[in-house]
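If you want the building blocks of each chain, they are given just below.
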Amino acid sequence: GANEEMIENGFRILLSDRDVKAVFVNIFGGILRCDILAEGIVKAAKKMTDRLPVVIRLEGTNVEEGRRILKDSGLEFATAKNLVEAGQMVAQAVGKEDS
């Protein structure tokens, strides 16, 4: 399981690559609870200087709390209900970035 600091470090590593156009998080929370993941994502996103699209698909332990944390963060996240929807959201977000 990851903690908030590990999630934040993961975002930092991803964002150090200038070729990254969007961040897609797909988690089925069993070992890693969705609320812990959401808290880590919010903290990491607040520290991002470059605003990239973030698409998140959460399922599993404490999923409703995780979704509430994301919604109440005041940040703009795209949340998907399934992998197909998530893939479409990422493609759309990247397409918008290129235009």
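Everything here concerns the structure above.
Residues numbered from 1 in each chain as written. Predicted model: local features only at pLDDT ≥ 70, side-chain atom pairs only at ≥ 80, totals over all residues. Heavy atoms only, no water.

Points about the overall build of the protein
Turning to step 1, where the next piece is worked out: Of the regular secondary structure elements, the protein holds 4 helices and 3 strands.
Turning to step 2, where the next piece is worked out: Helices (α) and strands (β) of the protein occur, in sequence order from the N terminus, as α-β-α-β-α-β-α.
Turning to step 3, where the next piece is worked out: Taken against the 2.2 N^0.38 rule, which gives 13 Å for 99 residues, the C-alpha radius of gyration of the protein at 13 Å falls within 12% of a compact globule.
Turning to step 4, where the next piece is worked out: Across its three principal axes, the protein shows a C-alpha extent of roughly 35 × 25 × 25 Å.
Turning to step 5, where the next piece is worked out: Within the span of the protein, comprising 99 residues, buried residues form 38% of the whole. (Helix = DSSP H or I, 4+ residues; strand = E, 2+ residues; numbered from the N terminus. Rg over C-alpha atoms; globule rule 2.2 N^0.38 Å. Buried < 20%, exposed > 50% of the residue type's maximum accessible area, 1.4 Å probe, protein only.)

A closer look at helix 2 (residues 34–47)
Turning to step 1, where the next piece is worked out: Between the first and last C-alpha of helix 2 there are 20 Å, a value that for 14 residues agrees with the 20 Å anticipated at 1.5 Å per step.
Turning to step 2, where the next piece is worked out: Of the positions making up helix 2, those classed as buried are Cys34, Asp35, Leu37, Ala38, Gly40, Ile41, Val42, Ala44 and Ala45. (Expected span 1.5 Å × (residues − 1).)

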